[in-house]
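# Topology and contacts: notes
One letter stands for each residue in the lines below.
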2 protein chains.
Amino acid sequence: MQSKEIISLLQSEPSMHPITVSGWVRAFRSNRFIALNDGSTIKNIQCVVDFEKFEEDLLKKVTVGSAIQVEGTLVESQGQGQAIEIQVSKIDILGEADPEEVKLTILSPKRHTLEKLREQAHLRVRTNTFGAVMRLRSKLSFAVHEYFQKNGFYYMHTPIVTGSDAEGAGEMFRVSALDPKNPPLNEDGTIDYSQDFFGKESNLTVSGQLEAETYAMGLGKVYTFGPTFRAENSNTSRHLAEFWMIEPEVAFNDLADNMDLAEDFIKYVIKYALDNCQDDLEFLENRLLQEEKSKPQTERSEMSLREKLSFVIDNNFMRVSYTEAIEILKRSKPNKKKKFKYLIEEWGADLQSEHERFLVEKHFKCPVILFDYPAKIKAFYMRLNEDGNTVRAMDVLFPGIGEIVGGSQREERYDVLKQKMEDMGIPEEELSWYLDLRKFGTCVHSGFGLGFERLVLFVTGMGNIRDVIPYPRTPGNAEF
Amino acid sequence: MQSKEIISLLQSEPSMHPITVSGWVRAFRSNRFIALNDGSTIKNIQCVVDFEKFEEDLLKKVTVGSAIQVEGTLVESQGQGQAIEIQVSKIDILGEADPEEVKLTILSPKRHTLEKLREQAHLRVRTNTFGAVMRLRSKLSFAVHEYFQKNGFYYMHTPIVTGSDAEGAGEMFRVSALDPKNPPLNEDGTIDYSQDFFGKESNLTVSGQLEAETYAMGLGKVYTFGPTFRAENSNTSRHLAEFWMIEPEVAFNDLADNMDLAEDFIKYVIKYALDNCQDDLEFLENRLLQEEKSKPQTERSEMSLREKLSFVIDNNFMRVSYTEAIEILKRSKPNKKKKFKYLIEEWGADLQSEHERFLVEKHFKCPVILFDYPAKIKAFYMRLNEDGNTVRAMDVLFPGIGEIVGGSQREERYDVLKQKMEDMGIPEEELSWYLDLRKFGTCVHSGFGLGFERLVLFVTGMGNIRDVIPYPRTPGNAEF
């Protein structure tokens, strides 16, 4: 008699055939109804116990949080809320859970704050909210792979430890196996990294893009999906020091193709969640509704969670050049009434979160792709436009989330790229391999980066990025 | 007229409909036949040029390594080796490749050693061998996800930076954002890590297992697939400092279930490669055949690459207890004739690579699962058997590769685990969260770790682990 998962039992027909199921007790009502959950779905299966047929001592151990194995038959449910239930013939206690101790944890059956859940991150996946979020995270991850593989992309594992620090030097974590108290020194008193494990100073990657470009120049269409790191001291609800990033890179794609790819990709992944995670989305949608009840009417969302997801799938992302966006912002009410913290006065200004939110949430009321940014505020590797002032960059902005994608067409011209590196003080020998790509059969190519946790935030409707990754790493926090 | 990928063109019927294709020139014979590759497949498409219709200056730029865009029509091929070819009407040079400079690189059309290719790792994916290996790596990665998702597992991203050093302390890389020259010190002269980014000493993970266990206790069936790190100074063809690991963890699974899972999983993934990567496998198989020709007959493999893969799929893995294995080894010829470097004299000995290879390659001649190892040579978290001497550990051993999987049933009993941690000097406060799992509804559970690169080695038939990952990290090497 093989043990079955609750997700498949709930889809079965009543049958006299005996079944076995294992899980954790979520509730035990009236010494009669056990709500059992095994994590395969947010739904519990109801196990009906005839308490006269069982030892009192055994039933006493059926407490919230305990693990049990149940034997019985699937019958039509007499109660509401489920089609079938288990008529229990045998109970085995696998692992007890002392009610006095459970009381001190988030497993106790009452409402806990998200902050409290974060402190017990090793147990929080046993709550409905986190079970739902993490199942969604898993399904979304798979949708990412499925989309790219179906479309002929090759998955590439870019390195995590890198000896190259061309990007974001100050914000990187150092990786070392040297004795931190007595590191070997050079004659000038600096640390002698030639004696370190990798023979040079090395860091955790901030992006796999440059390496992904090397593979796009051979395999054509590639993507990465791996962890990236920022040693940035920002304690916000949108930043993590360790987060997972998706970076497709495509040979022969220009910026317009790149926008098409980003839009098509995001829509596919969101549709996958709508199609495959109905129960979890329903739960999270209701959770949001409850949460919003405590807000004033004006701050409540006009759409439910699933309506918001459908809206993204059903509508085109608005494509707006940076120059147009600046005009819109200049003429906007909050700019004229000086409500923006940073007023938009002239072309060239870097857009702040408040401006992005205005464009997306107030002006266009849909996802927006901004493109052709001033060269001065963007990275060295972006393709310079013929105007000499703007680069073929694009950002995808989402309601409630802000920037979810940042990408560009890459500078494919050897001389232009070399000049830009010089202007920005990037030593050529550091990136000679990157320049090589422009020497041997260079071509137009483009790509983008999508912060996976921001996508999970959007799809789950959660408010804090620490609640969409199992063990968040932030300033002062690397627990578990 | 949309540009098409070569993999789909090669499956198309001849047609007068004009097509466009972009790629890199692999060869240009007789000023007439361009072999064009775009990375979508190992196969080139033949582009036939009527040189009288093109400028000489243009054709001069069609050199090995250059990127071109070709317009034309798909016609039935007159030559051998391909069903269709392109009758070219237009050529655009996208990026030249100076033949004098190409000569100095591995792009030049001659045989280069794998060592040489490693030095130019940013270009090696443009060779047939590495294109094939990396496409296979991508397909195998997807097969991993597909297997687990189809079977109801949830993908979990375990943390990369960890403040817990319960496992393999000495072999970890430190992660820090402190000034390495002037780190803040405590009064006793030790480094004050409370001032570091994460507020404590932190390292790169060596395994996501313990965290995966926390999620298995909530979601039931989970798996990880992410990078792991070892600061081990081993310069061998089987070790990397940064490698990708797959770690499933399943609630309610015992050791026998765990073995079933490992075997079923490995077979699925290998079958996926056989079904989906025929061209690349054919190329790698021939490559191996060529390589073996230089070996004496006795050292050549009895099976071709694909025969070896099919053999694994079609046969049961042999399940042998450690105790039986010791008996076999004791009685073996190399032990009696003292050919082993480490002679097997008594029960309790740790098995070396030479012993594993004897069992797999000489004695059983098939993949072997060894189980029930002596407790003394295994980790603290493995389930103690009733005999008090052995633990429910298992290793899957593969021909030519050695250990490809290491797993166990986990110790689910609070008191036994706590005692073991004490015996092994692991401070309880370090792992109180891990002990908690045994306090609140503990249950039998099991899992394993599979080093992804070892699997890629086996499937591609490559000999060195540095050649199956884009940018290998090893002692003294973190280039690119």
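Anything mentioned here points back to the structure above.
Here's what I pulled together on the structure shown here. (Residues numbered from 1 in each chain as written. Chains lettered and ligands numbered in written order. Predicted model: local features only at pLDDT ≥ 70, side-chain atom pairs only at ≥ 80, totals over all residues. Heavy atoms only, no water.)

### Things to note about the sheet that holds strand E1 (residues 15-29) of chain B
Residues and elements named next belong to chain B. Around the barrel, 5 strands lie side by side as E1-E2-E3-E5-E4; this closed barrel has mixed pairing. Strand after strand, the sheet turns through a mean of 55° between neighbouring axes, direction not considered. Judged from the 4 bridges that link them, strand E2 (residues 33-37) and strand E3 (residues 45-48) form a sheet pairing that is antiparallel. Bridge pairing in E3 links alanine 35 to glutamine 46. (Pairing = 2+ DSSP bridges. Helix = DSSP H or I, 4+ residues; strand = E, 2+ residues; numbered from the N terminus. Axes fitted to C-alpha atoms, helices over the stretch in contact; angles between N-to-C directions.)

### Things to note about the pattern of salt bridges
Under the counting rule described, the total for this entry stands at 66 salt bridges over all chains. Between arginine 118 of chain A and aspartate 467 of chain A there is a salt bridge, with the nearest N and O atoms lying 2.8 Å from each other. A residue pair is termed long-range when its members are at least 10 positions apart, and arginine 118 of chain A in helix H4 (residues 114-119) and aspartate 467 of chain A in the segment after helix H15 (452-460) qualify at 349 residues. Among the residues examined, aspartate 467 of chain A registers a relative accessible area of 0% and is labelled buried. With a shortest N-O distance of 3.2 Å, arginine 124 of chain B and aspartate 467 of chain B are connected by a salt bridge. (Salt bridge = Lys/Arg side-chain N within 4 Å of Asp/Glu carboxyl O. Buried < 20%, exposed > 50% of the residue type's maximum accessible area, 1.4 Å probe, protein only.)

### Looking at the interface of chain A and chain B
Contacts between chain A and chain B engage 106 residues on the former and 106 residues on the latter. Regarding the contact of chain A and chain B, the summed buried area is about 8600 Å², with carbon and sulfur atoms giving 64% of it. Three residues, His157, Phe197 and Phe440 of chain A, lead the burial of chain A against chain B; their summed loss comes to 10% of the area buried on that side. Across the chain A-chain B interface, the total number found is 6 salt bridges. In this structure, glutamate 101 of chain B and lysine 439 of chain A form a salt bridge, with 3.5 Å as the shortest nitrogen-oxygen distance. Seen at the junction of chain A and chain B, the total is 41 residue pairs in polar contact (both at pLDDT 80 or more). The leading source of residues in the side of chain A that touches chain B is helix H5 (residues 128-150) of chain A, at 11 residues. Of the residues that constitute the side of chain A that touches chain B, the class distribution is 50 nonpolar, 34 polar and 22 charged. Across 3 bridges, the pairing between strand E8 (residues 174-176) of chain A and strand E8 (residues 174-176) of chain B is antiparallel. (Contact = heavy atoms within 4.5 Å. Buried area = accessible area lost by both parts, 1.4 Å probe. Polar contact = N/O pair within 3.5 Å; in protein donor to acceptor, adjacent residues only side chain to side chain. Nonpolar A, V, L, I, M, F, W, Y, C, P; charged D, E, K, R; others polar.)

### Things to note about the environment of lysine 338 of chain B
The topology assignment puts lysine 338 of chain B in the loop between helix H11 (333-336) and helix H12 (353-364). Each C-alpha atom, one on lysine 338 of chain B and one on glutamate 146 of chain B, is 46 Å from the other, the two residues being 192 residues apart in sequence.

### Digging into the relation of the copies chain A and chain B
Between chain A and chain B, which share one sequence, the superposing operator has a rotation angle of 180° and an axial displacement of 0.0 Å; the RMSD is 0.0 Å. In short, the pair behaves as if placed about a two-fold rotation axis. Within chain A, the C-alpha atom positioned nearest to the axis of rotation is that of valine 175 of chain A, 2.5 Å from it. The share of interface residues of chain A whose copies in chain B are also at the interface is 100%, consistent with both copies meeting through the same surface. (Least-squares fit on C-alpha atoms with pLDDT ≥ 70 in both.)

### Points about the packing of aromatic side chains
Counted under the stated rule, the structure contains 53 aromatic pairs over all chains. Residues tryptophan 433 of chain A and tyrosine 434 of chain A carry aromatic rings whose centres are separated by 6.2 Å and whose planes lie at 75° to one another, so their mutual orientation is edge-to-face. Exposure class is identical for tryptophan 433 of chain A and tyrosine 434 of chain A. Each is buried. Among the aromatic residues, those joined into a ring-pair cluster are Tyr147, Phe148, Phe153, Tyr155, Tyr223, Phe265, Tyr268 and Phe448 of chain A. The lysine or arginine in question, arginine 438 of chain A, covers the ring of tyrosine 434 of chain A, its NZ or CZ lying 4.2 Å from the ring centre. Cation over ring: lysine 378 of chain B sits above tyrosine 373 of chain B, and NZ or CZ is 4.2 Å from the ring centre. (Phe/Tyr/Trp six-rings, centres within 6.5 Å; stacked < 30°, edge-to-face > 60°. Lys NZ or Arg CZ within 6 Å of the ring centre and 35° of its normal.)

### Observations concerning the side chain of threonine 214 of chain A
On the secondary structure map, threonine 214 of chain A appears in helix H6 (residues 209-219). On the accessibility criterion, threonine 214 of chain A (0% relative accessible area) is buried.

### Things to note about the packing of helix H5 (residues 128-150) of chain B against helix H8 (residues 278-292) of chain B
The relative placement of two packed helices comes down to the angle between their axes together with the axis-to-axis distance. Residue and element names in this part refer to chain B. The contact between H5 and H8 brings their axes to 9 Å, and the two run at 130°. By the angle class used here, H5 and H8 are oblique. As H5 runs across H8, the sense of the crossing is left-handed. The residues of H8 that touch H5, namely those facing Asn128, Thr129, Ala132, Val133, Arg135 and Leu136, are Asp280, Leu281, Phe283, Leu284 and Arg287. When grouped by side-chain class, the residues that make up the contact of H5 with H8 number 6 nonpolar, 2 polar and 3 charged. (Parallel < 35°, antiparallel > 145°, perpendicular 65-115°, else oblique. Left-handed = near helix turned anticlockwise from the far one by under 90°.)

### Some words on empty space enclosed by the protein
In the structure shown here, the tally under the stated rule is 8 cavities of 30 Å³ or more. When its volume is computed, the largest cavity comes out at roughly 150 Å³. Arg174 and Pro180 of chain A together with Arg174, Ser176 and Pro180 of chain B are, among the 16 residues lining the largest cavity, the residues nearest its centre. For the lining of the largest cavity, the secondary structure elements donating two or more residues are E8 of chain A together with E8 of chain B. (1 Å grid on protein atoms, 1.4 Å probe; cavity = no way out; pocket = protein on both sides within 12 Å on 5 of 7 lines; lining within 4 Å. Points joined across faces, edges and corners; volume = space filled by probe spheres on them.)

### Things to note about unusual backbone geometry
Residue and element names in this part refer to chain A. The phi dihedral of lysine 365 is positive, around 55°, even though this residue is not glycine. Here lysine 365 lies in the loop between helix H12 (353-364) and strand E13 (368-374). The phi angle at aspartate 372 is positive, at roughly 55°, despite the residue not being glycine. Inspection of the secondary structure assignment puts aspartate 372 in strand E13. Using a relative accessible area of 21% as the deciding quantity, one classes aspartate 372 as partly exposed.

The quantities given are spatial measurements derived from coordinates; they are silent on function.
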